[in-house]
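Structural overview
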Amino acid sequence: MFSLAELERAHQIVGQAVPPTPAHAWPLLAERLSTRVVVKHENHTPIGAFKVRGGLVYLDRLKRERPNISGIISATRGNHGQSLAFAASRHRVPAVIYVPKGNSVEKNRAMRAFGAELVEHGEDFQAAAEEAQRRAQFAGLHMVPSFHPDLVLGVATYALELFRTAPDLDILYVPIGQGSGISGCIMARDLLGLKTEIVGVQSTEAPSYALSFAAGTVVTTEASNTLADGMATRIPDPDAFAIIRKGAARIVQITDDEVAAAVRAYWTDTHNLAEGAGAAPLAAALQEKQKLAGKRVGLILSGGNIDFDLFRKWIGTDSTATTQPAMA
């Protein structure tokens, strides 16, 4: 999909707006998992999520190739839309973002604050995306997909940073929404010649990639009802699936209750705010704790954009179960 030189160049483009994010080894998380742990903090970007990197690289190429473009349009559950709104504003390109009804109120506010025109349509992401595509054709706007080589190239820059900071990771847990993040991790690992096992994470309520991985072919689902909205995908992208099928070791499915416990663990152990998808890798590692003894584990905290009401619900539920890390 791209070379190491192209990835280095993308890192320079991203770096004009986003400094390298930290990768911290938190002692309390190490105690909780009874092994060495490194967290890549993509919650510390200008939009609070890793997606900003893809938007910056995508808009950089688009603006160079089409300097007079009239505008872009896309669909999102939040972070992809924030990324495009942020990048489009830097290039002075109008952005229209479609979201499903009932989408995160705070993510919607953030997209508007970055300058996007926000439109609510449909009951889920797929319905919003289909309507955005229709408007793109009608209004002459450039439709930005959820998965594209330039988006993968951009988000792979966080994996480049992580692997150069911690090249000895044995296992890296990565959440899967539309697939750009885990694809970027697989590409960066392979370009750097590393042997890190990459494990995808999906919700039991939105397991389309997990089902596809098990079946060896694309499998869709009728619903994606997880509260971890960054993983709420019904229809896998075929190109993303091809990369994941070839480069991932497995895909772990986690419940919303496990995500809630991981959100609480991040808060108590690191005082970091994690959205559902951002906490998912920790939830998967906790599920697989018995497999991790003696290994160095990487966790992608992909974003911290969680609505306050959901955070309050999750942080106040069964909090005594996770306030104290389990000792080895």
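Here the structure is a predicted model, which is why all the values come from computation and not from measurement.

1. Description of helix H7 (residues 149-165)
Given a rise of 1.5 Å per residue, 17 residues ought to cover 24 Å, and the 24 Å separating the end C-alpha atoms of H7 matches this to within 8%. Burial analysis of H7 places 14 of its 17 residues in the buried class, which makes it a mostly covered element.

2. Here we look at the pattern of salt bridges
One pass over the structure, following the stated rule, counts 19 salt bridges. We note a salt bridge from Glu288 to Arg250, for which the minimum N-O separation is 2.8 Å. Of the two residues, Glu288 is situated in the loop between helix H12 (276-287) and strand S10 (296-301) and Arg250 in strand S9 (residues 250-254); the sequence distance between them amounts to 38 residues. Given the relative accessible area of 7%, Glu288 is considered buried. Across the pair Lys291 and Glu288 runs a salt bridge, and its minimum N-O distance is 3.6 Å. If you follow the salt bridges from partner to partner, you end up with Lys40, Glu42, Arg53 and Glu161 in one network.

3. Description of unusual backbone geometry
A positive phi angle, near 55°, is found at Arg92, a position not held by glycine. Tracing the backbone through its elements, the reader meets Arg92 in the loop between helix H4 (79-90) and strand S4 (95-99).

4. Quick look at the nonpolar core
Residues Leu56, Ile72, Tyr158, Leu172, Val174 and Ile182 are the most contacted members of the largest nonpolar core, which totals 64 residues. For this core, the element with the highest residue contribution is H7, accounting for ten residues. Ignoring any residue separated from it by four or fewer positions in sequence, one finds Leu56 in contact with Ile13, Val14, Ala17, Val18, Phe86, Ala87 and Arg90. One finds Ala262, Tyr266, Leu292 and Trp314 within the second-largest nonpolar core, a separate group that totals 33 residues.

5. Quick notes on the confidence of the model for the protein
A residue-level look at the protein finds 96% of positions with pLDDT of 70 or above and a mean pLDDT of 93. Low pLDDT, under 50, characterises residues 319-328; the predicted model gives this stretch 17 contacts beyond four residues in sequence or across chains.

6. Focus on the packing of aromatic side chains
Under the criterion given, the structure shown has three aromatic pairs. Taking the centre distance of 5.8 Å and the plane angle of 85° together, the rings of Phe50 and Tyr158 count as edge-to-face. Here Tyr158 lies in helix H7 and Phe50 lies in the loop between strand S2 (36-41) and helix H3 (52-65), a separation of 108 residues in the sequence. The same class applies to Phe50 and to Tyr158, which are both buried. With a centroid separation of 5.3 Å and an interplanar angle of 70°, the aromatic rings of Trp267 and Phe311 are classed as edge-to-face. Of this pair, Trp267 sits in helix H11 (residues 256-270) while Phe311 sits in helix H13 (residues 308-315), and the two are 44 residues apart along the sequence.

7. Some remarks on the sheet that holds S2
Taken together, the six strands give an open sheet; going across it, the order is S1-S2-S10-S7-S8-S9, and neighbouring strands pair in mixed fashion. Edge strands, defined here as strands with exactly one partner in the open sheet, are strand S1 (23-24) and S9. Pairing between S2 and S10: six bridges, direction parallel. By the bridge assignment for S10, Arg36 is matched with Arg296.

Criteria and thresholds
- Residues numbered from 1 in each chain as written.
- Predicted model: local features only at pLDDT ≥ 70, side-chain atom pairs only at ≥ 80, totals over all residues.
- Heavy atoms only, no water.
- Helix = DSSP H or I, 4+ residues; strand = E, 2+ residues; numbered from the N terminus.
- Expected span 1.5 Å × (residues − 1).
- Buried < 20%, exposed > 50% of the residue type's maximum accessible area, 1.4 Å probe, protein only.
- Salt bridge = Lys/Arg side-chain N within 4 Å of Asp/Glu carboxyl O.
- Core = buried A, V, L, I, M, F, W, Y, C linked by side-chain atoms within 4.5 Å.
- Contact = heavy atoms within 4.5 Å.
- pLDDT = per-residue confidence, 0-100.
- Phe/Tyr/Trp six-rings, centres within 6.5 Å; stacked < 30°, edge-to-face > 60°.
- Pairing = 2+ DSSP bridges.

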